[in-house]
Amino acid sequence: MYRRLLQPALFRLDAEDAHHLTLRALGVASRVPGWTVPVRALTAPADPRLAQTLWGHAYPSPLGLAAGLDKNGEAVPAFCALGFGFVEVGTVTPLAQPGNERPRLFRLPPDRALINRMGFNNAGADALHARLAALRGRPVPVWVNIGRNKATPNEEATGDYLRLVRALGDVADAFVVNVSSPNTPGLRALQAAGDLAALVRAVLAEVDASRVRTLSRPPVLVKLAPDLHPADFEASVGAVLEAGAHGLIVSNTTLSRGGLTHPSREQAGGLSGRPLTGRSTALVRAAYRLTGGRVPIVGVGGVFTPEDAYAKIRAGASLVEVYTSLIYEGPGLPARIHRGLSRLLERDGFSSVAEAVGVDA
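The rules behind these values
Per chain, residue numbering runs from 1 following the sequence as it is written. The predicted origin of the model limits local features to residues at a pLDDT of at least 70 and limits the giving and counting of side-chain atom pairs to 80 or more, whereas totals for whole chains, interfaces and linings rest on all residues. Excluding hydrogens and water, the side-chain values take into account all heavy atoms of the structure. UniProt positions are given in the numbering used here, feature names are shortened, and annotations may be inferred rather than shown by experiment. For the purposes of this section, nonpolar cores are sets of buried Ala, Val, Leu, Ile, Met, Phe, Trp, Tyr and Cys residues that join through side-chain atoms within 4.5 Å. Exposure categories follow from relative accessible area, calculated using a 1.4 Å probe and restricted to protein chains: below 20% of the type maximum is buried, above 50% is exposed, and the middle band is partly exposed. Helix and strand definitions follow DSSP, with helices as H or I runs of at least four residues and strands as E runs of at least two, each counted in order from the N terminus. Contacts are assigned to residue pairs that have any heavy atoms within 4.5 Å of one another. Ring pairs shown here join Phe, Tyr and Trp side chains whose ring centres sit within 6.5 Å, with only the six-membered ring taken for Trp; geometry is labelled stacked below 30 degrees between planes, edge-to-face above 60, and tilted in between. Sitting over a ring, as applied to charges here, requires NZ of Lys or CZ of Arg to be within 6 Å of the ring centre and within 35 degrees of the ring normal. For every element, the axis is a line fit to its C-alpha atoms; helices are fit only across the contacting stretch, and the angle between N-to-C directions ranges from 0 to 180 degrees. With respect to orientation, any angle under 35 degrees is reported as roughly parallel, any angle over 145 as roughly antiparallel, any angle of 65 to 115 as roughly perpendicular, and every other angle as oblique. A crossing counts as left-handed when the near helix is turned anticlockwise from the far one by less than a right angle, and as right-handed when that turn is clockwise. In this classification, the charged set is Asp, Glu, Lys and Arg, the nonpolar set is Ala, Val, Leu, Ile, Met, Phe, Trp, Tyr, Cys and Pro, and all remaining amino acids, among them Gly, are polar. We count a salt bridge whenever a side-chain nitrogen from Lys or Arg sits within 4 Å of a carboxyl oxygen from Asp or Glu.

Per an unreviewed UniProt entry, the protein chain goes by Dihydroorotate dehydrogenase (quinone) and derives from Deinococcus rhizophilus. Listed in UniProt under the heading Catalytic activity (unreviewed entry), the comment for the protein chain reads: "(S)-dihydroorotate + a quinone = orotate + a quinol". UniProt annotates the protein chain under Function (unreviewed entry) with the comment "Catalyzes the conversion of dihydroorotate to orotate with quinone as electron acceptor."

Take a look at the structure:
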């Protein structure tokens, strides 16, 4: 029904208008008492082989919602109800900011892709904290993706990340340090090994310092770009490990435009979706080899089918995330991927998804 009726109607709207309309509808639904429980009972993965425990939290499925779709945590209950094994909100910055000028979000239907140059538009840390603190229950972990304000220079960026840890430490099940968005000027420079190690160490120290107050120690993951030179990628992964981060997300959107056919391919911004499938899987494999499996890796980029998700798992991803494919495939996507993953695990004789992690690396 989504692909025949809802998607054509939404795709007649401006991409960002359609996004806000959908998110508002999900936000309204999220505030309706009780409806998410029976819905999740129907959509959540029934196969115990898909479940894992990572960083002390239960993940009923390896499939999560990537950051960027629900920046302000407006519809977390609705996304949980769709069957995701975890939900990542943000990117959030300490202060609210409008982001870049519109238009800033573009669909490329023949390429099954999106280009965005949103620029960390969000309502700020206080608004996100209020929404997450008001959640009555969390059937799955909720991660918070954090970044610096556009007006904050890189030499002062660490302060923004630390403010976010202090503000959100009691409502985040994990923090994702975003230094790889192409839409905040200069941000990607923080991926340089020395700067990245210093930033991660500072964030980890702040998490530890907040532990007494929040009674929790959320893991800290780092999200890297797919456009790094191989030597720089290796150095960044090494810096993340050396600093003590608990995981990696591979990868963010790309500036590459190879093979695109839609006229919007000339738009500035980060590209996501099907064109990133192979590149992100190769980078997951490289990261798994570099880390030796010492920390969990989250694979993101071009996951449309169970086979896409499974390829990333076999390359070394303990978890995978979707965003663009949800726009194209609709709300039934998580359940379809869960069914397909169960079939693939059965085919290959794995008793759990954890057994398949990294077997091709």
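Next comes the rest of the description.
S.K.: Please clarify how the nonpolar core should be interpreted in this entry.
M.R.: Most often, soluble globular proteins keep nonpolar side chains buried together rather than apart. Of all hydrophobic cores here, the largest spans 78 residues; its most connected members are Phe79, Val144, Tyr161 and Val222. When residues of this core are assigned to their parent elements, the largest contribution, 7 residues, is made by helix H7 (residues 193-209). The contact partners of Val222, leaving out residues within four places of it in the chain, are Val177, Val179, Leu196, Val200, Val240, Ala245, Gly247, Leu248 and Ile249. Judged by nonpolar contacts, the second largest core, of 12 residues, contains Val176, Ile249, Val298 and Leu319.

S.K.: How do you make sense of the packing of aromatic side chains when you look at a structure like this?
M.R.: Two aromatic rings are characterised by how far apart their centres lie and by the angle between their planes. By the definition in use, this model includes 7 aromatic pairs. Both rings, one in Trp55 and one in Tyr59, keep their centres 6.2 Å apart while their planes meet at 75 degrees; by these two values the pair is edge-to-face. Owing to a relative accessible area of 23%, Trp55 belongs among the partly exposed residues under this scheme. Taking the ring centre of Phe11 as reference, the NZ or CZ of Arg107 above it sits at 4.4 Å.

S.K.: Can you help me understand unusual backbone geometry in this one?
M.R.: Leaving glycine aside, a negative phi is the common case for residues, and trans is the common case for peptide bonds. For the bond running from Arg102 to Pro103, omega is 0 degrees, close enough to zero to count as cis. Of note, the bond from Val250 into Ser251 is cis; its omega dihedral lies within 30 degrees of zero at 15 degrees. Of note, the phi angle at Trp55 is positive, near 55 degrees, even though the residue is not glycine. Relative to the helices and strands, Trp55 is located in the loop between strand S1 (52-54) and strand S2 (57-59). With a phi angle near 55 degrees, Arg112 is a residue other than glycine that sits in the positive phi range. Positionally, Arg112 belongs in the loop between strand S5 (105-108) and strand S6 (113-116). When its relative accessible area of 28% is taken as the criterion, Arg112 is described as partly exposed.

S.K.: Help me understand the packing of helix H9 (residues 230-243) against helix H10 (residues 277-291) in this model?
M.R.: Helices that pack against each other are described as a pair by the angle of their axes relative to one another and the distance between those axes. Here H9 crosses H10 at 50 degrees, and the two axes come no closer than 10 Å. Here H9 is positioned oblique relative to H10, judged by the angle of their axes. H10 is crossed by H9, and the crossing has right-handed handedness. Side by side, H9 and H10 meet where Phe233, Glu234, Val237 and Leu241 of the first sit next to Leu283, Ala286, Ala287, Leu290 and Thr291 of the second. Here the residues of the contact of H9 with H10 sort into 7 nonpolar, 1 polar and 1 charged.

S.K.: I'm lost on the pattern of salt bridges in this one. Help?
M.R.: A side chain of one charge can pair with a side chain of the opposite charge if their charged atoms are brought near each other. This structure, assessed with the given rule, holds 21 salt bridges. Taking the shortest distance from any N to any O, the salt bridge between Asp14 and Arg102 comes out at 2.8 Å. Note that Asp14 is positioned in the loop between helix H1 (2-11) and helix H2 (15-30) and Arg102 in the loop between strand S4 (86-92) and S5, a separation of 88 residues in sequence. Here Glu206 and Arg166 are joined by a salt bridge, their closest N and O atoms 3.3 Å apart. Remark: Arg166 occurs in helix H6 (residues 157-168) and Glu206 occurs in helix H7; sequence separation between them is 40 residues. Shared partners join several salt bridges into a network, and the residues in it are Asp14, Glu16, Asp17, Arg102 and Arg104.

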